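# Breakdown of the fold
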Amino acid sequence: MYDYLIVGAGLFGATFAYKAHQAGHRCLVIDRRPHVGGNVRCENVDGINVHCYGAHIFHTDNAEVWNFVNALVPFNRYTNSPIANYKGQLYNLPFNMNTFHQMWGVHTPAEAKAKIDQQRAEALQAMHDAGIDQPRNLEEQALLLIGRDIYETLIRGYTEKQWGRPCTQLPAFIIRRLPVRFVYDNNYFNDAYQGIPVGGYNQLIQRLLDGIEVRTSCDYFDDRTHWDAQARHIVYTGEIDRFFDYRFGHLQWRTVRFETETLPTSNHQGNAVVNYTERQVPYTRIIEHKHFEHFGDAVDRIPHTVISREYSTEWQPGMEPYYPINDDRNTAVYTQYRDLAATLPNVTFGGRLAEYRYYDMAPTIERALQCPLR
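Right, let's walk through the structure included here. The structure presented is a predicted model; accordingly, all values stated were derived computationally and were not measured.

## Digging into helix H6 (residues 148-163)
Roughly 45° is the biggest bend found in H6, and it falls at Ile 155. For H6, the complete set of buried residues consists of Ile 150, Tyr 151, Thr 153, Leu 154, Ile 155, Gly 157, Tyr 158, Thr 159, Glu 160, Lys 161 and Trp 163. Positive backbone phi, at 70°, marks Gly 164, one or two positions downstream of H6.

## Some thoughts on the nonpolar core
Across soluble globular proteins, you tend to see nonpolar side chains buried next to one another. Residues Leu 5, Phe 100, Ile 150, Tyr 220, Tyr 236 and Phe 349 are the most contacted members of the largest nonpolar core, which totals 54 residues. Other than its neighbours up to four places away in sequence, Tyr 220 contacts Leu 5, Val 7, Ile 30, Trp 227, Asp 228, Ile 234, Tyr 236 and Phe 243. Residues Ala 17, Ala 20, Ile 205 and Val 273 belong to the second largest nonpolar core, which totals 43 residues.

## Looking at unusual backbone geometry
Between Leu 93 and the following residue, Pro 94, the backbone shows a cis peptide bond with an omega angle of -5°. Mapped onto the elements, Pro 94 comes out in the loop between strand S7 (89-92) and helix H3 (97-104). With phi around 55°, Tyr 246 is a residue other than glycine that occupies positive phi space. Checked against the element boundaries, Tyr 246 lands in the loop between helix H9 (240-243) and strand S11 (253-263). Given the relative accessible area of 31%, Tyr 246 is considered partly exposed. Even without glycine at this site, Tyr 356 takes up a positive phi of about 45°.

## Structural notes on the pairing of S11
Looking at chain direction, S11 and strand S15 (residues 323-324) are connected through 2 bridges and run antiparallel. The residue bridging Trp 253 from the neighbouring strand is Pro 324, located in S15. Of the pairings in the sheet, the one linking S11 to strand S14 (residues 305-314) comprises 10 bridges and is antiparallel in character. From the neighbouring strand, Arg 257 faces S14, where its bridge partner is Tyr 311.

## Topic: the sheet that holds strand S10 (residues 231-236)
Reading across the sheet, the 5 strands line up as S9-S2-S1-S10-S16 and stay open at both edges, with parallel pairing between neighbours. Edge positions in the sheet fall to strand S9 (213-216) and strand S16 (347-349), since each has one partner strand and no second. Here the average twist between neighbouring strands, direction ignored, is 20°. Strand direction decides the pairing type here: strand S2 (residues 27-31) and S9, joined by 4 bridges, are parallel. Looking at the pairing, Val 29 lines up with Val 214 of S9. Strands in contact with helix H1 (residues 11-22) are strand S1 (2-7), S2 and S10; relative to S1, the strand with the most contacts, it is inclined by about 165°.

## Observations regarding the packing of aromatic side chains
Aromatic rings considered in pairs are described by the distance between their centres and by the relative angle of their planes. Counted according to the given criterion, the structure contains 28 aromatic pairs. Relative to Tyr 323, the ring of Tyr 322 lies with its centre 6.1 Å away and its plane at 45°, an arrangement referred to as tilted. Connected via pairs of aromatic rings, a cluster forms that spans Tyr 220, Phe 221, Tyr 236, Phe 243, Phe 244, Phe 248, Tyr 337 and Phe 349. A cation over a ring is seen here: Lys 113 above Phe 182, with NZ or CZ 5.2 Å from the ring centre. The cationic tip of Arg 224 hangs over the ring face of Phe 243; the distance from NZ or CZ to the ring centre is 4.5 Å.

## Observations regarding the sheet that holds S7
The strand order across the open sheet formed by 7 strands is S7-S6-S12-S13-S14-S11-S15, and the pairing between neighbours is mixed. Each of the sheet's edge strands pairs with one partner strand only, and the pair in question is S7 and S15. Sitting on the sheet, H6 is in contact with strand S6 (83-86), S7, S11, strand S12 (273-276), strand S13 (285-288), S14 and S15, with an inclination near 70° to S14.

Rules behind the numbers
Residues numbered from 1 in each chain as written. Predicted model: local features only at pLDDT ≥ 70, side-chain atom pairs only at ≥ 80, totals over all residues. Heavy atoms only, no water. Bend = angle between axes of the 7 residues up to and from the residue. Helix = DSSP H or I, 4+ residues; strand = E, 2+ residues; numbered from the N terminus. Buried < 20%, exposed > 50% of the residue type's maximum accessible area, 1.4 Å probe, protein only. Core = buried A, V, L, I, M, F, W, Y, C linked by side-chain atoms within 4.5 Å. Contact = heavy atoms within 4.5 Å. Pairing = 2+ DSSP bridges. Axes fitted to C-alpha atoms, helices over the stretch in contact; angles between N-to-C directions. Phe/Tyr/Trp six-rings, centres within 6.5 Å; stacked < 30°, edge-to-face > 60°. Lys NZ or Arg CZ within 6 Å of the ring centre and 35° of its normal.

Rendered as structure tokens:
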């Protein structure tokens, strides 16, 4: 009945469906959740668009992708400038001259560089004295990149909460590079374009799926034989290990739990994203959703606000998988699934779950647009 059965109505599936539909193909999109949009889903709470599955900030250097999404819905001018809270002290992110002034009281790039170079040299000497040639873990890598003060204050606790294990047990490659800027610039991204869809991400998903048959609360695995018979080609965006009945074992993930509440104040923290980098604080960050779309005086026009506390935790079956754990074991397991997937000419695997890779939104859309139609 259909040219394409698209399993998953998230960003990859919706973008692929849009592309195929525009080319004249008949598409059926199914999703096990009761809604479309995957993890970019928003819920309007008394005039505030709440990011149900964590903060999503669209950013890209790809003008083609930016023009594509803006042709569907207008984007606002939101600029991501998170703040870190460590024991009540506030620091700007990413690491820039504001951060270095807050940390050490320095005023010039030369002063900041001298401070960082001194601490990097101390870390290098400590490794040399211990007979270590290359960083063996994330902690040693971070100390070489940025020094002990920033590592202990802004990296260590947050990272250990995020991954659920000490930095000394995390691979060095996770933090091969750190954004360090010797200018007073709190814009987190270097990309030329960034923003949030006006009215939230639901507007974007609705435009992508306009005119396409969509069925929610339909789990592909409840009746694979039935769904496979609906189309000549399948686009699968779910967990790749589940597709193959965990033949080579389960892939591991980190997931996130949210505590969302409405507060009787118009402005709780003055910023959309505040990271809590102290290890003893159980959540990683607090999101205040109204700051994604309400700026300046508009913040006070809604007398309440909605915040979400995010708790990073180990994934268990039945939870939503968020972040792949790209260690040697999981990489080897995924490679087996990827090679097996390549033998199926009538199935396309796409998106972060099917490719076991964390994608930002713009690269997800780019990959879906580049995916060949068959």
